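This is what each chain is made of:
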Amino acid sequence: MDDGSPTAASRAEVPAFPAGRVRGPVLLPSDERYLAEVSGFQSGYRHHPEVVVCATDAADVSAAVEYAAAHRLPLAVQATGHGLSVPLPGGVLVSTRRMTDVRVNAGARTAWIGAGVRWGEVVEEAGRFGLAPLSGSGPGVGAVSYTLHGGVGLLAREFGYAADHVSAAEVVTSDGRVRHVTADSDPELFRSLRGGGGSFGVVTGLEIGLVPVERFYGGQLIFDGESAGDVLEAWRWWTATVPERLTSSVTVMTYPDIPVLPGGLRGRHVAQVQIAYDGDEADGERLVAPLRAAGPRIAETLRTMPWTESWSVYNEPDRPHPYEGTNALLGKELPDRATLRSVLEATGPDARGMVVLALRHMGGALSRQPAVPNAVGGRDAGYLLVVLTVPAGSSSGEELRRVQERVLEAVAPWTVGSNLNFRYGRSAGAVPGGTAAAFSPDDHARLTGLKASADPSNLFRFHHVPLARDQPQGRHGP
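Rules and cut-offs
Residues numbered from 1 in each chain as written. Predicted model: local features only at pLDDT ≥ 70, side-chain atom pairs only at ≥ 80, totals over all residues. Heavy atoms only, no water. Pairing = 2+ DSSP bridges. Helix = DSSP H or I, 4+ residues; strand = E, 2+ residues; numbered from the N terminus. Axes fitted to C-alpha atoms, helices over the stretch in contact; angles between N-to-C directions. Parallel < 35°, antiparallel > 145°, perpendicular 65-115°, else oblique. Contact = heavy atoms within 4.5 Å. Nonpolar A, V, L, I, M, F, W, Y, C, P; charged D, E, K, R; others polar. Buried < 20%, exposed > 50% of the residue type's maximum accessible area, 1.4 Å probe, protein only. Arc of directions from axis to C-beta. Polar contact = N/O pair within 3.5 Å; in protein donor to acceptor, adjacent residues only side chain to side chain. Left-handed = near helix turned anticlockwise from the far one by under 90°. Salt bridge = Lys/Arg side-chain N within 4 Å of Asp/Glu carboxyl O. Core = buried A, V, L, I, M, F, W, Y, C linked by side-chain atoms within 4.5 Å. Phe/Tyr/Trp six-rings, centres within 6.5 Å; stacked < 30°, edge-to-face > 60°.

Draft legend 1. The arrangement of the sheet that holds strand 6 (residues 110–114) in detail. Judged by pairing direction, the sheet is antiparallel, and its 5 strands sit side by side in the order 5-6-9-7-8 without closing on themselves. Two strands in the sheet have a free side with no partner beyond their single neighbour: strand 5 (102–105) and strand 8 (178–181). Taking each pair of neighbouring strands and ignoring which way they run, the sheet shows an average axis angle of 10°. Sheet topology places strand 7 (residues 166–172) next to strand 8; 4 bridges connect them, and they run antiparallel.

Draft legend 2. Spotlight on the packing of helix 10 (residues 337–347) against helix 11 (residues 397–410). Running from amino to carboxyl end, helix 10 crosses helix 11 at an angle of 175°, the nearest separation of the two axes being 10 Å. Taken as axis vectors, helix 10 and helix 11 run roughly antiparallel relative to one another. Counting all contacts with helix 10, which are made through Thr339, Ser342, Val343, Ala346 and Thr347, the residues of helix 11 involved are Val403, Arg406, Val407 and Ala410. Grouping the amino acids of the contact of helix 10 with helix 11 by side-chain chemistry returns 5 nonpolar, 3 polar and 1 charged.

Draft legend 3. Region of the structure containing helix 10. Looking at helix 10, one finds that the buried residues are Thr339, Leu340, Val343, Leu344, Ala346 and Thr347. When helix 10 is viewed along its axis, its buried side chains cluster within an angular range of 165° and face the same direction. Buried-residue contacts for helix 10 involve helix 8 (228–239), strand 11 (246–254), strand 16 (354–361), strand 17 (383–390) and helix 11. Of the residues flanking the start of helix 10, the one acting as N-cap is Asp336, its side-chain oxygen 3.1 Å from the backbone nitrogen of Ala338.

Draft legend 4. Just the packing of helix 7 (residues 187–196) against helix 12 (residues 441–454), in detail. Axis separation between helix 7 and helix 12 bottoms out at 11 Å; the angle between their running directions is 115°. In terms of orientation, helix 7 lies roughly perpendicular with respect to helix 12. Considering the relative orientation of helix 7 and helix 12, their crossing is left-handed. Residues Glu188, Leu189, Arg191, Ser192 and Gly196 of helix 7 form the contact with helix 12, whose own contacting residues are Asp443, Arg446, Leu447 and Leu450.

Draft legend 5. Looking closely at the sheet that holds strand 1 (residues 26–27). Taken in spatial order, the 4 strands make up an open sheet running 1-2-4-3, and their pairing is mixed. The two strands at the open ends of the sheet, each matched to only one other strand, are strand 1 and strand 3 (75–78). Across 2 bridges, the pairing between strand 1 and strand 2 (residues 51–54) is antiparallel. Residue pairing in the sheet places Leu27 in a bridge with Val52 of strand 2.

Draft legend 6. Spatial organisation of the pattern of salt bridges. Evaluated as defined, the whole model comprises 23 salt bridges. A salt bridge links Arg33 to Asp31, with the shortest nitrogen-to-oxygen separation between them at 3.1 Å. Classification of Arg33 as partly exposed rests on a relative accessible area of 44%. Of the residues examined, Asp31 reaches a relative accessible area of 22% and is grouped as partly exposed. The partner of Arg103 in a salt bridge is Asp101, and the shortest N-O contact between them spans 2.2 Å.

Draft legend 7. Examining unusual backbone geometry more closely. Its identity is not glycine, yet Arg72 carries a phi of approximately 55°, on the positive side. Looking at the element boundaries, Arg72 is found in the loop between helix 3 (58–70) and strand 3. A positive phi is found at Arg109, a non-glycine position, where the angle reads about 55°. With respect to the element layout, Arg109 can be found in the loop between strand 5 and strand 6. Its relative accessible area of 42% is what places Arg109 among the partly exposed residues.

Draft legend 8. How the structure looks around the environment of Phe422. Take Phe422: it is sitting in the loop between strand 18 (415–417) and helix 12. For the pair Phe422 and Glu324, spaced 98 residues apart in sequence, the C-alpha to C-alpha distance is 9.8 Å.

Draft legend 9. Expanded view of the nonpolar core. Among the nonpolar cores identified, the biggest contains 47 residues, and Ile113, Leu206, Ile208 and Trp307 are the most heavily contacted of them. Listing elements by their share of this core, those giving two or more residues are strand 5, strand 6, helix 4 (119–127), helix 5 (143–148), strand 7, helix 7, strand 9 (202–209) and helix 12. For Ile208, the residues in contact, after removing those within four places along its chain, are Arg109, Thr110, Ala111, Ile113, Trp119, Val122, Pro133, His165 and Val166. Core analysis: the next-biggest nonpolar cluster, separate from the first, contains 39 residues, Tyr217, Leu232, Leu357 and Leu408 among them.

Draft legend 10. Structural view of the side chain of Ser192. Following the sequence through the fold, Ser192 ends up in helix 7. Residues contacting Ser192, with those up to four places away along its chain left out, are Gly197, Phe200, Ala375, Leu447 and Leu450.

Draft legend 11. Spotlight on the pairing of strand 4 (residues 92–95). Here strand 4 shows a buried face lined by Val92 and Val94 and a second buried face lined by Leu93 and Ser95. Examined bridge by bridge, strand 2 and strand 4 share 4 bridges and lie parallel to one another. Bridged to Cys54 within strand 4 is Ser95. Here strand 3 pairs with strand 4 via 4 bridges, running parallel. Looking at the pairing, Leu75 lines up with Val92 of strand 4.

Draft legend 12. View of the packing of aromatic side chains. Tallied over the full model, the rule gives 7 aromatic pairs. Relative to Tyr67, the ring of Phe17 lies with its centre 4.8 Å away and its plane at 55°, an arrangement referred to as tilted. Taken together, the positions of Phe17 in the loop between helix 1 (8–12) and strand 1 and Tyr67 in helix 3 put the pair 50 residues apart, joining distant regions of the chain. Phe17 gets classed as buried once you look at its relative accessible area, which sits at 13%.

On their own, these measurements won't tell you what the molecule is for.
Here it is as structure tokens:
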């Protein structure tokens, strides 16, 4: 089976990277450091570049882009390897993990973050000033890529998408230029970068807004999986009553039977309600009270906590593992109870391999454009459904992708789009409507127009490329 790695013959065709052009290391497949550099959080597969440029600053990235463009080689970017969806089969990989600059301007409530920064670093630094970024659910996620694709954070209904709070970007375009982009300097590129993904250039840094949140009320209510249908039904009605300062989700899954998990969860099918409320504990308790009657609870972790402990709301695994996933943005109403029951059956403990079904409450600030509009799509969605699969034992990726397809087919009548941030692995390319499903028709037309002018050779073709027609991304051509 061809894993996409470059052959010895293809490597011989690639001219040597000019010595002394970059401050960071330049690695070839024969280098003992190569494998560690191209590996990421997604362990199911990896990039197989002919050259890895380990960038330390924007000048290194510029040199890598100029080299790739001069020799007509495709180029991809990797910081943490969480969002890897299209492996690079040859060409140039820019590794940005060394670009870890974080600078907080407490007075302006902003932070400058480098391309390799992870959310845990931003949270810790902003927390020193009683501020918080609109970070994701895990500390190891790359902050820049998450933000470029929208970013649905723990308090998203109150503050909107992370992309809504970007005030400037440093980006290397396909001509190798390092550009400081704002709403005034280049309004079309600035609009497209915020929510349109990374296919218009290599973003080497962002200036993001911070919010005055130091503590919040949140955690999980964990129910036995047999109550999953009742929990979803209770959550459906409950979400219609809560204020925008409360963001929640429901995750239904079967935990693996492994020693690192608490005994009460090992091997158990559960329904978990995750809650984040920007308010005091008394109000939070009052708001959450109706959910507690949804079924027998195994445990709950709700409490007031500092934002620096916000990762405990989802408590996601921090070890690399293989996974694939897809999603559907749903309308203002959830599917009917019978449809949700069929989705629970398809993704339940009888599925071959591990399946995680999640529903997130959208709306609120997510439904409104920021003062400076951006390309984030799906603002009319009321909910987001995500299906993530992890192969286990004798299960195959193809079997689990069929589970994902069954779920998407079941909810199709309620589907209004897709979200770029929740497309994982090879399943990312199987979303009905392709990349266009993540944007409004007008925005998709604007993005494809900008792509054609900003990157006519399709140099950056491995990052949710907005093409007029979604098509296979060839190794040395569009």
